[in-house]
Amino acid sequence: MKKREAIKITGGENSVRVDSRILEERIQKAVADGYRHIEVTAQGQHGIGGRLWRAHHDKVKIDVLGTSGQRLGAMGFPNTVVEAFGPASDDVGWLNAGAQIIVHGNATNGAANAMAQGKVYIDGDVGARAMTMTKHNPRFEPPELWVFGKAGDSFAEFMAGGIAVVCGAGAEKDKNVLGYRPCVGMVGGKIFFRGEQEYCSAQDVQLVKNLPDEEWGWLQENLKIFLQAIGKKYLFEQLAARRADWQLLLARKPFEKPVREVRPLTIYRKEVWENELGKGGLIGDLTSLDRTPIGLITTGTLRRYVPSWENGKYLPPCQANCPTGIPVQKRWELIRNGKMQEAVNLALEYTPFPATVCGYLCPNLCMQNCTRHLMNMESVDVALLGKASLHAEAPAPLPPTGRKIAVIGGGAAGLSVAWQLRLRGHEVAIVENRKRLGGKITEAIPASRIPSEVVAHEIARIAKSIRHINLNAALHKEKFRKLKNENDFIVIAAGASQPRQLNVPGMEKAFTALDFLRQSKQGCAKVGEKVVIIGAGNVGCDAASEAYRLGAKSVILVDVQKPASFGAERKQAEAAGARFLWPRFTKAITARGVELTSGEILLADTVIVAVGDMPDLSFLPEEIATERGFVLVDENYATSDPQVYAIGDAVRPGLLTDAIGAGRIASRTIDDILKGASRTYDKLPPIDYHKVKLEYFDPRIGEFADTSSCAANCASCGACRDCGMCEEICPQKAISRQPQPAGGFTYVADSERCIGCGFCVGACPTGVWELAENEPLE
């Protein structure tokens, strides 16, 4: 991401206050766009400066002018500095996770509430319940709250960690610089304060009047930093002149706290409940619940809930959404286990194009559906794994079966089905009417999208496996019948090679996108300075990128609806400067350009039409049913002729991965028929995203540099990582790991120990534990 200069964002538009949500969206977008210094003129909006994770490890500075609302810097990240040039409202730094927050003025109630990391500097007083419920993870520096003035009531209530410093400036005559009843329930951390404090919770904290050298040294060093941040460094000598002015409160450890008498529940029930609430009390006539104590926690058949280890019962979302069905998660598991070569080899059992498609051309539906997105984390980068699979080792085919299949078409779909059938031991012949294999991959996809040597390597690997490849083989009905007689099956994978035409005057003046991209790939395409493309899908975007490469100064894409383009194609076109207009309806193509039905004329030297392509099915006999120009098939891609199957763009337009996946399904069905098998391929349901616990992963990782880091951060949805978390967390020690004789392992819950508490389900990172209601007793 290219870093940009500062940007100003205002909290009002046309004299109307912008909603807090809208303002946050604009701040987040500015960070995502590369801005690292943002000036916000606030009008009371909440949460300014929080959750700026999109900057990753870059430092971000947020200057807040005007009036900031509640929760300034809430949930701030360690890379963020938020500076408010004025007072702030409630809950400054709420749930702060590492940001530095500076307030030039007073802060009201709840400052630094539940803070876990970071620093909050207040150049004034704080209201009630500041520094409450804070915590400290020893992996990180403790959270700090610095107050130049004094604190309000209930300061540091239930504080569990961190450091607070109250300078007491302007409160020298105040008898309680920490307010009324501070430190109640405090169990961790420390508080430095300057001035007097008549009351504090003595059972929770101990007062140290003479600061040890180590504590005094820390205070002096960090006091300078605080005063520098609030612009009052000149006061250091005054505030640090006398060590005796400062005192320290330390949380008592559990064994240091005085023992309090515990009232038994039976006494409480008799003296309080039945006197004030139940029976003769306030709600005695409203309740008759059984209050008898439960004598034991049940196990076995008496449990209400029963946990079960359901490893591999569900598909991970990445695999469930991959049309090719590649077990992405299994490949990451192999890499975690040090089996990189096995991981790259596994892909060739599912696709002959692991590098070409997965690494470069696929929009990566697996990544789009990654569970990590639930917590706004980057998905693990499957494209890295795809590129690493270029030199995967092809699996050995099964012994020859003597059965023959002809595949019509040598594009992605045809090569996929041919590859799969060959692996199953069948003899395959490819019939392709062009001079080389690859279809649109080699003919039309711009070289800017994928290195030519990658495509050449993978096609060579396929060609080496399949002996019978017939190129420049034109097909007609008679030849189709001959192929049918000579082979056990035919698979139609002819693709869509006939561009659709627009029914408007002047169509002859335009290029079709497919022809333009073919000519561009061959180095013989030319364009003028102004280009208009009719159709703003992904093919139109490829044409736009190529037009710019060939010298165009302006490219406009028009569409009758919101453009369906997405992914790398859209991004490249936009990066090159393409403009998108919709809805726009073409009336005619003229010598001046494109005339719209609105009367507007888009000036153009070159017009390209990208409204889709159709298959050439002129070779098909009449008995094979078609619909609207495409072959009609069932769920297994069988046509109306049981000897003929059809896949890819000959059936319906789709992605390359759709075509490859269709090849797998068709080959599997044909193989079953040829071998007399009657196998069912159960498609497991995808796992519920919410079963997976993402709290175990670092949300600050913005991108992955290598496959090892991807493998380590894969959530392994529905597949046990053998972490032993369930075994460790079980309060009854009911769960045990049991190795299996054939290798592998299972985790089992002992019914005689298990109480059905569900801790295993709640803690499992991968969601393989399930909790179900026990069978009812007869």
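Quick caveat, the model's predicted, so the values are computed rather than measured. (Residues numbered from 1 in each chain as written. Predicted model: local features only at pLDDT ≥ 70, side-chain atom pairs only at ≥ 80, totals over all residues. Heavy atoms only, no water.)

A.B. asks: Just give me the short version of the domain arrangement of the chain, but keep the residues and values in it.
C.D. replies: In terms of domains, the chain is made up of domain 1 (105–256), domain 2 (262–293), domain 3 (317–393 + 683–713), domain 4 (404–496 + 615–674), domain 5 (498–614) and domain 6 (722–773). Look at where the C-alpha atoms of domain 3 and domain 4 centre, and you get two points 27 Å apart. Interface area for domain 3 against domain 4, summed over the two sides, is near 2,000 Å², with a carbon-plus-sulfur share of 67%. When the area that domain 3 buries against domain 4 is broken down by residue, the three leading residues are P352, F353 and L361, summing to 31%. Between the two partners, domain 3 and domain 4, sit zero salt bridges. Counting every contact that joins domain 3 to domain 4 gives ten residue pairs in polar contact (both at pLDDT 80 or more). Counting residues per element, the side of domain 3 that touches domain 4 draws most heavily on helix α8 (residues 354–361), which supplies six residues. Class assignment of the residues belonging to the side of domain 3 that touches domain 4 gives a composition of 16 nonpolar, six polar and one charged. (Domains from an automatic or database assignment. Buried area = accessible area lost by both parts, 1.4 Å probe. Salt bridge = Lys/Arg side-chain N within 4 Å of Asp/Glu carboxyl O. Polar contact = N/O pair within 3.5 Å; in protein donor to acceptor, adjacent residues only side chain to side chain. Helix = DSSP H or I, 4+ residues; strand = E, 2+ residues; numbered from the N terminus. Nonpolar A, V, L, I, M, F, W, Y, C, P; charged D, E, K, R; others polar.)

A.B. asks: Provide a residue-level description of the pattern of salt bridges, including the pertinent values.
C.D. replies: Applying the stated criterion to the full structure yields 38 salt bridges. The partner of E546 in a salt bridge is R549, with the nearest N and O atoms 3.0 Å apart. Linking E546 with R549, this pair stays in helix α16 (residues 538–549), spanning three residues, or about one helical turn. Here K587 and E595 are joined by a salt bridge, their closest N and O atoms 3.7 Å apart. Three or more residues are tied together by salt bridges with common partners; here these are R434, E443, D515 and R518.

A.B. asks: Go over the packing of helix α15 (residues 513–522) against α16 with me, naming the residues and quoting the values.
C.D. replies: Interhelical geometry of α15 versus α16 gives an angle of 40° and a closest axis separation of 10 Å. Accordingly, the angle class assigned to the pair α15 and α16 is oblique. Of the two possible hands of crossing, α15 and α16 adopt the one that is left-handed. Across from A513, F516, L517 and S520 in α15, the residues of α16 making contact are V539, D542, A543, E546, A547 and R549. (Axes fitted to C-alpha atoms, helices over the stretch in contact; angles between N-to-C directions. Parallel < 35°, antiparallel > 145°, perpendicular 65-115°, else oblique. Left-handed = near helix turned anticlockwise from the far one by under 90°. Contact = heavy atoms within 4.5 Å.)

A.B. asks: Talk me through the confidence of the model for the chain; I want residue IDs and the actual numbers.
C.D. replies: For the chain, the mean per-residue pLDDT works out to 93, and 98% of the residues sit at or above 70. Averaged over each element, pLDDT in the chain is lowest for helix α4 (residues 265–277) (80) and highest for strand β9 (residues 144–147) (98). (pLDDT = per-residue confidence, 0-100.)

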